[in-house]
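Spelled out, the chains give:
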Amino acid sequence: MSTILITGATSGLGRHLAFELVRSGHVVLAHGRDPGRTERLVEELRTEGDAEAFVADLASLAEVRELGARVADARPDLDVLINNAGIGAGAPGTGREVSTDGHELRLAVNYLAPVALIRALLPVLRANAPTRIVNVGSVGQDPVDFDDIEFRRGYDGFAAYRRAKFALAAHTFTLAEELAGTGVAVNVLHPATFMDTAMVREGEFTPWSTVADGAPGVLALATQDVGTGGYFDGTSPARAHEETYDRDVQKRLAAVTDQLLAL
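All of these numbers come straight from a predicted model, not from anything done at the bench.

**Some thoughts on empty space enclosed by the protein**
Piece 1. Counted according to the given criterion, the structure contains three cavities of 30 Å³ or more.
Piece 2. Quantified by volume, the largest cavity comes out at close to 70 Å³.
Piece 3. The wall of the largest cavity is formed by E104, L107, V144, D145, D148, I149, F151, A160, R163 and A164.
Piece 4. Per element, the largest residue contribution to the lining of the largest cavity is three residues, and it comes from helix α5 (residues 157-178).
Piece 5. Of the residues in the lining of the largest cavity, the class split is six nonpolar, no polar and four charged.
Piece 6. One number sums up the size of the second largest cavity: a volume of about 50 Å³.
Piece 7. Lining the second largest cavity are T7, L58, V64, N83, A85, V109, A113, P114 and L117.
Piece 8. Broken down by element, the lining of the second largest cavity gets its largest block of residues, four residues, from helix α4 (residues 105-127).

**Concerning the layout of surface pockets**
Over the atoms a probe the size of a water molecule is rolled, and this reveals where empty space is left.
Piece 1. Taken as a whole, the second largest pocket encloses approximately 190 Å³ of empty space.
Piece 2. Surrounding the second largest pocket, 17 residues form its lining, P130, T131, R132, G183 and A185 being those nearest its centre.
Piece 3. Elements that contribute at least two residues to the lining of the second largest pocket include exactly β5 (131-136) and β6 (184-190).
Piece 4. Residues of the lining of the second largest pocket, tallied by class, amount to seven nonpolar, seven polar and three charged.

**Side note on the sheet that holds strand β8 (residues 236-238)**
Whether parallel or antiparallel, the strands of a sheet pair through hydrogen bonds between backbone atoms.
Piece 1. Taken together, eight strands build an open sheet; the order of strands is β3-β2-β1-β4-β5-β6-β7-β8 and the sheet is mixed. Each edge of the open sheet carries a strand with a single partner, namely β3 (51-55) and β8. Direction aside, the axes of adjacent strands within the sheet are offset by 25° on average.
Piece 2. In the sheet, strand β1 (residues 3-6) pairs with strand β2 (residues 27-32) via four bridges, with the strands oriented parallel. Opposite I6, over in β2, you have A30 as the bridge partner.
Piece 3. Of the strands in this sheet, β4 (80-83), β5, β6 and β7 (231-233) touch helix α7 (residues 211-223), which is tilted by about 155° from β5.

Rules used throughout
- Residues numbered from 1 in each chain as written.
- Predicted model: local features only at pLDDT ≥ 70, side-chain atom pairs only at ≥ 80, totals over all residues.
- Heavy atoms only, no water.
- 1 Å grid on protein atoms, 1.4 Å probe; cavity = no way out; pocket = protein on both sides within 12 Å on 5 of 7 lines; lining within 4 Å.
- Points joined across faces, edges and corners; volume = space filled by probe spheres on them.
- Helix = DSSP H or I, 4+ residues; strand = E, 2+ residues; numbered from the N terminus.
- Nonpolar A, V, L, I, M, F, W, Y, C, P; charged D, E, K, R; others polar.
- Pairing = 2+ DSSP bridges.
- Axes fitted to C-alpha atoms, helices over the stretch in contact; angles between N-to-C directions.
- Contact = heavy atoms within 4.5 Å.

Below you can see the structure in the form of structure tokens.
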């Protein structure tokens, strides 16, 4: 059985995954932003199996890195990282928001945070290989604008969300290549469309599917050997936005990501 860190585990898909995994005998490290909600979740999970709480605000890169350090220290047996936490487009009319570090909020939480967390946990994941990284992406992907990476011009929340998910997919493919031969598999998926989550309801979208519909794809990538560097729609291999596979786009994204994380 594996030791699995799930970000954004206190609600929606993350909560569903936490219960599915703990019931299957895995050790679940449940991350949440709110201490009370995270502790309550872990108390519930412990009635089913082994779980531990980790609290951090993913809108702060310092807290993301501290989370990685705490997990690596407390659970050197970590096998799987599920980057599930994210924020949606926001309520209709929501303007551009920024993270603790001053980055556009959707870029910060949906892209920079998972990248920073992966980097913090890679030494442990490499040491424990074979291990897995699962990035929860979206079928909604728009190429990033390298001339306006922080989306200061003509801001739109839904477009910001899609740009961040494009970046996450492209980064996944770059990382998979870098980690080839290490035993660390990294994949990205679109779990299901408009699941019944707080994120979808806040955006005033009508849910099309349930979190249970989104779970099988994530669970498969977290617990089965499906190779590395893939994009999945649910449990089915699929193609991300074509530009996410473009070498020049990947190189430019890598360079700008390093700059953003160093700020």
